[in-house]
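Coordinates in review
Here is what each chain is made of, one letter per residue.
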Amino acid sequence: MARDVQFTIDCADPARLAEFWAQVLGYQVQAPPPGFATWPEALEAFGVPPERRNDASAVVDPEGAGPRVFFQRVPEGKQVKNRVHLDVRAAPGLAGDERMAALEAEAGRLESLGATRLARVEPGPPMDAGHLVMADPEGNEFCLD
């Protein structure tokens, strides 16, 4: 039986990363619970103290097809390279120079949102297609491929 999955990202600023990843993935920040117009209104009603209101956030696929991405505040900073990362398919069906140009264009857009470019991997063996290695605003690696 197939199961739904959620990706969880430990971070220092869940709201900031949720906004960033919503832009990267074409997702939206998860709406507040029914009966509330905003998250601040909901959190106030639930009695969450102001200093805890950025402990978590999430983004969801507006079409309901992709997995939820959850961001949770943790006290420790990022220490080493991610063992698991997201591949963002930014150039499906493209090859060669056209593919790399599309990836470069998307990298420029993401850099304007706070991403950092870490490396460009040119096409060639063992992988036929090139890709770009990026980091989100808190240094979590992901690939544009």
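It should be noted that the structure appears before, not after, this text.
As a starting point, this report considers the structure included with it. Just so it is clear, the structure is predicted and the values come from calculations on it, not from any experiment. (Residues numbered from 1 in each chain as written. Predicted model: local features only at pLDDT ≥ 70, side-chain atom pairs only at ≥ 80, totals over all residues. Heavy atoms only, no water.)

1. Some details on the side chain of Glu141
The following threshold applies: Counting from the N terminus, the helices are the DSSP runs of H or I reaching at least four residues and the strands are the DSSP runs of E reaching at least two. Pairing of N or O atoms within 3.5 Å defines a polar contact, subject to two protein rules: one partner must be a possible hydrogen donor and the other a possible acceptor, and residues neighboring in sequence count only if both atoms are side-chain atoms.
Among the secondary structure elements, Glu141 is positioned in strand β8 (residues 141–144). Side-chain polar atoms of Glu141 contact the backbone nitrogen of Asn82, separated by 2.9 Å.

2. Examining the packing of aromatic side chains
Applied cut-off: Any two of the Phe, Tyr and Trp rings considered here, Trp counted by its six-membered ring, make a pair once their centres fall within 6.5 Å; the pair's planes then place it as stacked at under 30 degrees, edge-to-face at over 60, or tilted in between.
Enumeration over the complete set of coordinates arrives at four aromatic pairs. Here the aromatic cluster, defined as three or more aromatic residues joined through ring pairs, consists of Phe20, Trp21 and Phe142.

3. A look at helix α3 (residues 96–112)
Count 3.6 residues to each turn of an α-helix, and residues three or four apart come out pointing the same way. Note the threshold: Helix span, as expected, comes to 1.5 Å for every residue beyond the first. Throughout, a contact is declared for two residues whenever any of their heavy atoms are within 4.5 Å.
Across its 17 residues, α3 extends 25 Å between first and last C-alpha, which sits within 8% of the 24 Å expected from 1.5 Å per residue. Contacts from the buried residues of α3 go to α1 (14–25), β6 (116–121), β7 (131–135) and β8. Directly beyond the C-terminal end of α3, a positive phi value near 120° is found at Gly114.

4. Some details on the environment of Arg16
Considering the arrangement of structural elements, one finds Arg16 in helix α1. With 61 residues separating them along the chain, Arg16 and Gly77 place their C-alpha atoms 15 Å apart.

Everything listed here is a matter of geometry and, on its own, says nothing about what the molecule does.
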